[in-house]
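Chain residues, written in single-letter form:
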Amino acid sequence: MATALAAPKERPVLSPPGLTATVWKHFGFYERANKTTDKTYAICKICKAKIKYLSNTTNMRQHLVRFHPEAEKAPPVVPATQRTILETVSKLPRNSEKAKSITKAIATFIVADLCPYSVVNNRGFRLVVKLPHRKHFAEKEIPHLYDETKVKVLESMKKASRVALTCDAWTSVATKSFVTITAHFVLESDKNEWKLKALKLAAVAKLLARIRQISTFFHRSTTGLHLLEENQKLLGLKRHKLKTDVCTRWNSAYEMTERFLEQQPAIAATLLSPQLRKKETDIATLNETDVSNAEEMVSALKPMKDVTTLMSQEKNPTVCLIAPVHTKLLQNTEPNTEDSPLVRDIKKAIHDDLSSRYTSEAEKNLLYTASALDPRFKALPFLSEEKREQTYGNVIAEAASLEQEVRVEEETPEDNARAAAAVTSDTEEDQEKELPPPPPPPAKRSCTLLENLLGPAFTNQAPEPKSAYARAEDEMAKYCLALTPSLQEDPLHWWSVHQVLYPMIANVAKRYLCIPGSSVSAERVFSTAGDIVTAQRSTLKSEHIDQLVFLHKNVCVPDSGTDDEESDEDE
């Protein structure tokens, strides 16, 4: 009689608690007799294969990819109680605080990054989050953000003692005319911090035309650009693209020449390439004299480029830089026998043009006063002794005048109160008659012997108060003797720290350091407007253009806390 043998009992494979990687859905460990987990090998639940466990999931994932690819590609199982991001966001009540916060953040994103209203209707965008229609942003959210920001700007301007204005006009691609006004002023925050013709020469124009022709060639020739990139790699040069100048920006001509000289070895090798000359016939090249002239031109124009960049700043005072920089440029462009003819012509053109600027006494006084109020230039070494003392006197006189104006404004409410009290004095006289008489004054104390002997010499007598002009003189003298900060020091920060020592001079500094040294701010506004009113968005209403431009320049965008990755690969 035959008997059947019992099949061996299969050992259970237990999933380890606490390990949440998806691979553990297909792997586990055997249990020892003493109820402990044997972690020597990870056991595949599909084929029961043993995989050496090394405290990571690499070997197990490789096993799944090799032997069980269908398990590896299976979509992860989401618990029924866990909602996806799309479900979470799309199901928020529209009136909830979270929904309002998200909608406001998207409105800020539109104005800060110059995106069209229609971005919220794009298919890819709506895969991330479902938002109200573009009309809701154009007619409600962004106008509301505009009103909020305008109130904040107006409140800030009310705190300013003086506001400097610049303006400019612009016509859009839809032939609509706009005028922009930019305001510059100095404020004190809660932390007490203050915020805030040489290219027309025939030789130069001819040289720039040839460099422009080469740069344009590489922008239109795919073969030339490819060979240029290969030569850049072989010669170890930065893979920068060539620049072409713009007629409205003289700096672009300087930058075009500077970039050409940087890439000149690769450009020369590319233009001499037989592979390129077989396909192109109109290739322009520069000889050694041209390259030498380009180097001299860049060297001669470098100070002007630096000054232009310096004067284009918006958050730092610039009017105080004009007088010292103007004097320095005039000195640097004086004739020099060691200069080449081209450099002499460039310097003469710059010198003649600068000599005709800032010639009126009113302009000079304003610029000298602004420089005197910048602690970095307060010594005014570029002025004569007589002119320096005259400038200091102007600052003192204006500080005293401001002090008297403030005192009159403070006393006016008190005078009104006295007048109101005088009107009601008649009605109070009757009440005073009914009051009991005041107590007699205390008897006068007899003088001591010490007071009789030393009283006249040691009696405290209050000094006579100084006039506003005298106090301004004292402050100006101490200000001039104070340690001069370095040129890297921010003058607004310096004044925020030292205004307690020189309060009268600090009030004058607020009136001058807010003045911009150029109209760059107004021009940049219309550069922004040009990015908004494009050919595809030429039908934008004027009120929407106003809101978008204003918000782009004034809306407060919270710091994300991450730094942008900088790369000069495609510059």
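Provided above is the structure to which this section pertains.
About the cut-offs
- Residues numbered from 1 in each chain as written.
- Predicted model: local features only at pLDDT ≥ 70, side-chain atom pairs only at ≥ 80, totals over all residues.
- Heavy atoms only, no water.
- Helix = DSSP H or I, 4+ residues; strand = E, 2+ residues; numbered from the N terminus.
- Buried < 20%, exposed > 50% of the residue type's maximum accessible area, 1.4 Å probe, protein only.
- Areas by Shrake-Rupley, 256 points an atom, 1.4 Å probe, with all protein chains shown as cover.
- Axes fitted to C-alpha atoms, helices over the stretch in contact; angles between N-to-C directions.
- Parallel < 35°, antiparallel > 145°, perpendicular 65-115°, else oblique.
- Left-handed = near helix turned anticlockwise from the far one by under 90°.
- Contact = heavy atoms within 4.5 Å.
- Nonpolar A, V, L, I, M, F, W, Y, C, P; charged D, E, K, R; others polar.
- Salt bridge = Lys/Arg side-chain N within 4 Å of Asp/Glu carboxyl O.
- Core = buried A, V, L, I, M, F, W, Y, C linked by side-chain atoms within 4.5 Å.
- Phe/Tyr/Trp six-rings, centres within 6.5 Å; stacked < 30°, edge-to-face > 60°.

As for the overall build of the protein chain
No. 1: Counting its secondary structure elements, the protein chain contains 23 helices and five strands.
No. 2: Residue burial in the protein chain is summarised as follows: out of 571 residues, 35% are buried.
No. 3: Accessible surface for the protein chain amounts to roughly 37,200 Å². Of this, 54% is attributable to carbon and sulfur atoms.

Digging into the packing of helix H7 (residues 202-220) against helix H10 (residues 264-271)
No. 1: Running from amino to carboxyl end, H7 crosses H10 at an angle of 70°, the nearest separation of the two axes being 13 Å. Here H10 runs roughly perpendicular to H7, going by the angle between their axes. As for the relative orientation of H7 and H10, their crossing is left-handed in sense. Along its contact with H7, which presents Ile 214, Phe 217 and Phe 218, the element H10 presents Ile 267, Thr 270 and Leu 271.
No. 2: Partitioned by chemical class, the residues of the contact of H7 with H10 number five nonpolar, one polar and no charged.

Here we look at the pattern of salt bridges
No. 1: Taken as a whole and assessed by the stated rule, the structure comprises 15 salt bridges.
No. 2: Taking the shortest distance from any N to any O, the salt bridge between Arg 210 and Asp 290 comes out at 2.9 Å. Taken together, the residues Arg 210 in helix H7 and Asp 290 in helix H12 (residues 288-311) connect sequence positions 80 residues apart.
No. 3: Using a relative accessible area of 28% as the deciding quantity, one classes Arg 210 as partly exposed.
No. 4: Note that Glu 385 and Arg 388 form a salt bridge whose closest N and O atoms lie 2.6 Å from each other. Of this pair, Glu 385 and Arg 388 both sit in helix H16 (residues 385-423), separated by three residues, roughly a single helical turn.
No. 5: On the basis of relative accessible area, Arg 388 is assigned to the buried category, the value being 15%.

As for the nonpolar core
No. 1: With 77 residues, the main nonpolar core has Ile 214, Phe 218, Ile 267, Leu 271, Ile 346, Trp 495 and Ile 505 as its most contacted residues.
No. 2: When residues of this core are assigned to their parent elements, the largest contribution, nine residues, is made by H12.
No. 3: Non-local contacts of Ile 214, meaning those with residues more than four positions away in its chain, are made with Phe 260, Ile 267, Leu 271, Ala 284, Thr 285 and Leu 286.
No. 4: By size, the runner-up hydrophobic cluster in this structure holds 25 residues, among which are Val 111, Val 120, Phe 178 and Leu 548.

A short note on unusual backbone geometry
No. 1: We note that Lys 48 has phi near 65°; this positive angle belongs to a residue other than glycine.
No. 2: Summarising the element assignment, Lys 48 is placed in the loop between strand E2 (37-44) and strand E3 (50-52).

Structural notes on the packing of aromatic side chains
Both the distance between ring centres and the angle between the ring planes are used here to describe each pair of aromatic rings.
No. 1: Taken as a whole and judged by the stated rule, the model has 11 aromatic pairs.
No. 2: Plain terms: the ring middles of Trp 24 and Phe 29 are 5.4 Å apart, the flat faces sit at 50° to each other, and that makes the pair tilted. Each member of the pair, Trp 24 as well as Phe 29, carries the same accessibility label: buried.
No. 3: An angle of 70° between the planes, with centres 5.9 Å apart, marks the rings of Tyr 479 and Tyr 502 as edge-to-face. Of this pair, Tyr 479 sits in helix H19 (residues 468-481) while Tyr 502 is found in the loop between helix H20 (491-498) and helix H21 (503-512), placing the two residues 23 residues apart along the sequence.

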